[in-house]
Structure formats: structure tokens, C-alpha cells
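Commentary on secondary and tertiary structure
Below are the chains, spelled out letter by letter.
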Amino acid sequence: MSGQRYDIPEADAFTRTYWDAAAQGQLLIRRCRACARAHHYPREFCPHCWSEDVTWEPASGRATLYTWSVVHRNDLPPFGERTPYVAAVVDLAEGPRMMTEVVECEDAGRLRAGLELSVVFRDGVPVFQPVYRAA
């Protein structure tokens, strides 16, 4: 298993559009043309109404923090080199909830539910960073 990484997803024929866009710094979501609801993770049908009339659309890259956990130990490469890190679930501005990582957060004690986040990309994978506003 030397050299194997567990943080880079394997794209398939369906998700290639998503991962190619992410490699270019663009976050995509899926939107149903039947019920107009957005969803994430990418799938070939709408999880709300089961329609197969779904399309890709660019997401704004804005989100709010829903929940998180600070991970202090992970033996899978390269996560061990990154500990501690913040595994998170965020609410995208478009509505869907997404599992991700919060980066550029020196003090996890400043994290709070509802914190504004913006997308950044690490090795073609969308992660989120806090948007701290001046007081």
C-alpha cells in the first residue's frame, strides 16, 4: 500500500464532469428540472422526486458550517500528516448539504454552527475555509 492515497477520489464516467470542474476550481451541483431542487453528492437522478431530468450547474462556493469534528488521529495516507484537521458538514448556499473539510482554520475553537465559509480546492478536491468578517 505504499504511496496509496485515500484523499483523492476515483472519477467514473458519470462523476468525471464534477471532478474535471473541481480540478479547474469550480464547484458543481446537480439541479432537478422537474422539481427545481438542487442536490449533492452528484447522482443521475433527483433524490427528492426521483426524476432523471437533472443537470449540472455551477455552485456559488458559499456555505455555512453545519457540524464538524476535529480529527486528531487517522492512519490512512496522507491524513496522518494533516492531523489535526477539521472534518465537516456544510450547507451550500444553494441548499444541499455536503461533507468536506474546513481548512485555513488555525483555531478550531473559533468554529461555530452557521459560520460563513467559501470553497477552495486542494488537489482538485473542494474544501472550505472560514470567511471571517472584520468587527
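Residues numbered from 1 in each chain as written. Predicted model: local features only at pLDDT ≥ 70, side-chain atom pairs only at ≥ 80, totals over all residues. Heavy atoms only, no water.

In this structure, the largest pocket encloses a volume near 550 Å³. What lines the largest pocket is a set of 25 residues, among which Met-99, Thr-100, Glu-101, Val-125 and Pro-126 lie closest to the centre. Counting only elements with at least two residues in the lining of the largest pocket, the list comes to helix H1 (16-23), helix H2 (79-82), strand S5 (85-92), strand S6 (97-102) and strand S8 (125-130). Looking at which element gives the most residues to the lining of the largest pocket, the answer is S6, with five residues. Grouping the constituent residues of the lining of the largest pocket by class yields 16 nonpolar, three polar and six charged. (1 Å grid on protein atoms, 1.4 Å probe; cavity = no way out; pocket = protein on both sides within 12 Å on 5 of 7 lines; lining within 4 Å. Points joined across faces, edges and corners; volume = space filled by probe spheres on them. Helix = DSSP H or I, 4+ residues; strand = E, 2+ residues; numbered from the N terminus. Nonpolar A, V, L, I, M, F, W, Y, C, P; charged D, E, K, R; others polar.)

Moving on to the environment of Arg-73. As for its placement among the helices and strands, Arg-73 is situated in the loop between strand S4 (62-71) and H2. The class of Arg-73 is exposed, set by a relative accessible area of 67%. There is a polar contact of 3.3 Å between the side chain of Arg-73 and the side chain of Asp-75. (Buried < 20%, exposed > 50% of the residue type's maximum accessible area, 1.4 Å probe, protein only. Polar contact = N/O pair within 3.5 Å; in protein donor to acceptor, adjacent residues only side chain to side chain.)

So, about the nonpolar core. In this structure, Leu-27, Leu-65, Val-90, Leu-92, Val-102, Leu-117 and Phe-128 are the most contacted members of the largest nonpolar core, which totals 21 residues. Mapped onto this core, the elements with two or more residues apiece are H1, strand S1 (28-32), S4, S5, S6 and strand S7 (116-122). The greatest single-element share of this core, amounting to four residues, is contributed by S5. (Core = buried A, V, L, I, M, F, W, Y, C linked by side-chain atoms within 4.5 Å.)

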